[in-house]
Amino acid sequence: MTISYLYAVASVLVAVVGQLLLKSEAGREHSSFLGKYLNVRVITAYVLMVVSLFFNALALRDLPLSVLPCITSTSFIWIIILSAVCFKEKPTVKKVVGALLIIVGIIVSRVDFQELSAAIGLTAVLGG
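The numbering scheme is per chain: residues are counted from 1 as the chain's sequence reads. Reporting in this predicted model follows two pLDDT cut-offs: at least 70 for local features of residues, and 80 or more for side-chain atom pairs to be given and counted; totals over whole chains, interfaces and linings ignore these cut-offs and use all residues. Only hydrogens and water are set aside when side-chain values are computed; all heavy atoms of the structure are taken into account.

1. Some points on the overall build of the protein chain
Piece 1. The helix count covers DSSP runs of H or I at least four residues long, the strand count covers runs of E at least two residues long, and both are numbered beginning at the N terminus. A count of helical and extended segments in the protein chain gives 8 helices and 0 strands.
Piece 2. Helices and strands appear in the protein chain in the N-to-C order α-α-α-α-α-α-α-α.
Piece 3. Residue exposure (1.4 Å probe, protein chains only): buried if accessible area is under 20% of the type maximum, exposed if over 50%, otherwise partly exposed. For the protein chain, with 128 residues in total, the buried portion stands at 25%.
Piece 4. Across the protein chain, every contact between residues at least 6 apart in sequence was considered, and the portion connecting residues at least 24 apart equals 73%.
Piece 5. Split by element, the accessible area of the protein chain, about 8,800 Å² in all, is 72% carbon and sulfur. Any two residues whose heavy atoms approach within 4.5 Å are treated as being in contact. In short, Shrake-Rupley with a 1.4 Å probe defines the accessible areas, and a residue's cover is counted only from the protein chains shown.

2. Topic: the pattern of salt bridges
Piece 1. Salt bridge, as used here: a side-chain nitrogen of Lys or Arg that lies within 4 Å of a carboxyl oxygen of Asp or Glu. Throughout the structure, instances matching the rule amount to 4 salt bridges.
Piece 2. We note a salt bridge from Arg41 to Glu25, for which the minimum N-O separation is 4.0 Å. Taken as a pair, Arg41 in helix H3 (residues 40–62) and Glu25 in helix H1 (residues 2–26) lie far apart in primary sequence, 16 residues in all.
Piece 3. For Arg41, a relative accessible area of 30% translates into the label partly exposed.
Piece 4. Between Glu89 and Lys95 there is a salt bridge, with its nearest N and O atoms 3.9 Å apart.
Piece 5. A relative accessible area of 27% places Glu89 in the partly exposed class.
Piece 6. You can call Lys95 partly exposed: its relative accessible area is 38%.
Piece 7. Residues joined by salt bridges that share partners form a network here, namely Lys23, Glu89 and Lys95.

3. Points about the nonpolar core
Piece 1. What is meant by a nonpolar core is a set of buried Ala, Val, Leu, Ile, Met, Phe, Trp, Tyr and Cys residues, joined one to another through side-chain atoms within 4.5 Å. By size, the foremost hydrophobic cluster in this structure holds 10 residues: Ala8, Val12, Val16, Leu20, Ala59, Leu63, Val67, Leu68, Ile71 and Ile79.
Piece 2. Looking at this core, the element that brings in the most residues is H1, giving 4 residues.
Piece 3. Residues contacting Val67, with those up to four places away along its chain left out, are Tyr5 and Arg110.
Piece 4. Counting residues in hydrophobic clusters, the runner-up holds 5 residues, among them Ile77, Ala99, Ile102 and Ile106.

The following block contains the structure:
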């Protein structure tokens, strides 16, 4: 099962690198329409996306379906962080709020509220 977690994290990191390559290429000027889409960075980025899908499929073999979306959704957070580091982009308020909502969503999806309510004595209040 732990190898599946590694596959899931690898899927995210490989996809993030691919997205950063696409982002770096988007800001460049190209002499032709084909040159914009058929160059080393873009092709490498798309190959990385396919590799990411492969890792994702491997992760899905053993991981519970409720876990993988939590890991995958962190890619948005990594893009915000690495865009700030690599491209000196300042994160907007909307991006920061979005990242915080993703983190809250991950926490909410992973917490067992019945167990938590029993631990703090709210079982009667929550109807458990």
